[in-house]
Amino acid sequence: KSTACQGCPNQNVCATKPKGPDPDVGDITEKMSKIKHKLIILSGKGGVGKSTFTAHLAHGLSSDNDKQIGVLDVDICGPSLPKIFGVEGEQVHQSGSGWSPVYVDDNLSLMSVGFLLSKADEAVIWRGPKKNGMIKQFLRDVDWGEIDYLLIDTPPGTSDEHLSIAQYLKESDVDGAIVITTPQEVALLDVRKEITFCRKVDLPIIGVVENMSSFVCPKCKVSTQIFPASTGGGQKMAEDMNVPFLGSLPLDPRIGKCCDEGKSFLTEVPDSPATQAYKQIMSKIVEYCTKRNENRESDSGEMKTN
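Residues numbered from 1 in each chain as written. Predicted model: local features only at pLDDT ≥ 70, side-chain atom pairs only at ≥ 80, totals over all residues. Heavy atoms only, no water.

### Overview of the packing of aromatic side chains
Under the criterion given, the structure shown has two aromatic pairs. Taken together, a centroid distance of 6.0 Å and an interplanar angle of 25° make the contact between Phe53 and Tyr278 stacked. Taken together, the positions of Phe53 in helix α3 (residues 50–62) and Tyr278 in helix α11 (residues 273–305) put the pair 225 residues apart, joining distant regions of the chain. Of the two residues, Phe53 and Tyr278, neither departs from the other in class, the shared state being buried. Aromatic pair Trp99 and Phe138: ring centres 5.8 Å apart, planes at 65°, arrangement edge-to-face. You can see Trp99 sitting in strand β4 (residues 98–100) and its partner Phe138 sitting in helix α5 (residues 128–141), a full 39 residues away along the chain. The exposure class of Trp99 is buried, given its relative accessible area of 11%. Overall, the relative accessible area of 0% leaves Phe138 in the buried class. (Phe/Tyr/Trp six-rings, centres within 6.5 Å; stacked < 30°, edge-to-face > 60°. Helix = DSSP H or I, 4+ residues; strand = E, 2+ residues; numbered from the N terminus. Buried < 20%, exposed > 50% of the residue type's maximum accessible area, 1.4 Å probe, protein only.)

### Considerations on the UniProt feature "binding site: [4Fe-4S] cluster 1" (unreviewed entry) in the chain
In the numbering used here, UniProt assigns the "binding site: [4Fe-4S] cluster 1" (unreviewed entry) feature to Cys5, Cys8 and Cys14. Along the chain, Cys8 turns up in the segment before α1 (11–16). (UniProt positions renumbered as here; feature names shortened; annotations may be inferred.)

### As for the UniProt feature "binding site: ATP" (unreviewed entry) in the chain
Here the UniProt-annotated "binding site: ATP" (unreviewed entry) positions come out as Gly44, Lys45, Gly46, Gly47, Val48, Gly49, Lys50 and Ser51. Tracing the sequence through the fold places Gly47 in the loop between β1 (37–42) and α3. By relative accessible area, Gly47 is classed as exposed at 69%. Contacts of Val48, omitting those with residues within four sequence positions, involve Ser43, Ile180, Thr181, Thr182, Ala187, Asn211 and Met212. (Contact = heavy atoms within 4.5 Å.)

### Notes on the nonpolar core
By size, the foremost hydrophobic cluster in this structure holds 82 residues, and its most contacted members are Phe53 and Ile178. Among the elements that make up this core, the one with the highest residue count is α11 (seven residues). Each residue touching Phe53, except ones within four places of it in the same chain, is listed here: Ile41, Ile178, Ile180, Val209, Leu249, Tyr278, Ile281 and Ile285. (Core = buried A, V, L, I, M, F, W, Y, C linked by side-chain atoms within 4.5 Å.)

### Section: unusual backbone geometry
Its identity is not glycine, yet Met212 carries a phi of approximately 55°, on the positive side. Tracing the backbone through its elements, the reader meets Met212 in strand β9 (residues 205–216). With a phi close to 60°, Asn242 is a non-glycine residue in the positive phi region. Within the secondary structure, Asn242 sits in the loop between α8 (233–241) and β11 (245–251). Of the residues examined, Asn242 reaches a relative accessible area of 67% and is grouped as exposed.

### Let's talk about the packing of α5 against helix α6 (residues 160–168)
One can describe the packing of α5 onto α6 by two numbers: an axis separation of 9 Å at closest approach and a directional angle of 40°. In terms of orientation, α5 lies oblique with respect to α6. Seen along the crossing, α5 lies across α6 with a hand that is right-handed. Residues Gly128, Lys131, Asn132, Ile135, Lys136 and Leu139 of α5 form the contact with α6, whose participating residues are Asp160, Glu161, Ser164, Ile165 and Tyr168. By residue class, the composition of the contact of α5 with α6 is four nonpolar, three polar and four charged. (Axes fitted to C-alpha atoms, helices over the stretch in contact; angles between N-to-C directions. Parallel < 35°, antiparallel > 145°, perpendicular 65-115°, else oblique. Left-handed = near helix turned anticlockwise from the far one by under 90°. Nonpolar A, V, L, I, M, F, W, Y, C, P; charged D, E, K, R; others polar.)

Listed below in structure tokens is the structure:
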């Protein structure tokens, strides 16, 4: 019931800033204009597999050698993607055109605050303004070049990092958000808030992915419900919230092993039911982006004609 600023330790910092539009947003919009598709991976709940999904979506998209894929890790306090991609300890280089991302493969690059830490176990103890400044610098100064997909992995919640991404990319024509959940109601409770957040900041929702929907035994292929969907799971929630449901991903212990070793589960275990589920979800995301691009070009053509 009190104002949003009441009690915030950064009131003086905000009060001394110049009023009006942020001039850096224009630079970010220009930088993002070289990227065809921008996807944000979200979830109100921690531990549901956002980073794992982001990494394997990137691996799946980069299997097409004609596509250039970039991944931006804005989980400032818990950057796990360098480990998942197997590039932990790499250094970021700066040139006249900006920061160069770390290349996982010839057509797959990554930028993360994890590359800027002196030690892997160093804690990032920052308040909101410094986090926002880091995110702005990533969006404005990283030299991605002309790439087809930029996947933005976010921390759980609906706070500083999410507001910054939504604000800075508002004019950049973001394709939409992919919302990750697990079947149990404890996770769905927070994920509903994330969907509400997307609607409040006018961020399109591509769809919901239910991760860890079941456990598939690698030997006998029997499926077991580890997290029972007591209220209907992700699909029921998507129907109730009127958002698309992209699919369910079974839990396979080899996914965790591949993440620890910095390998792609999709290529290491191509016959797993989880691999097939990833590919089906990925095809829906690509189809959404393709249709959106066609509609955008159509609208642009009509405007030029008029």
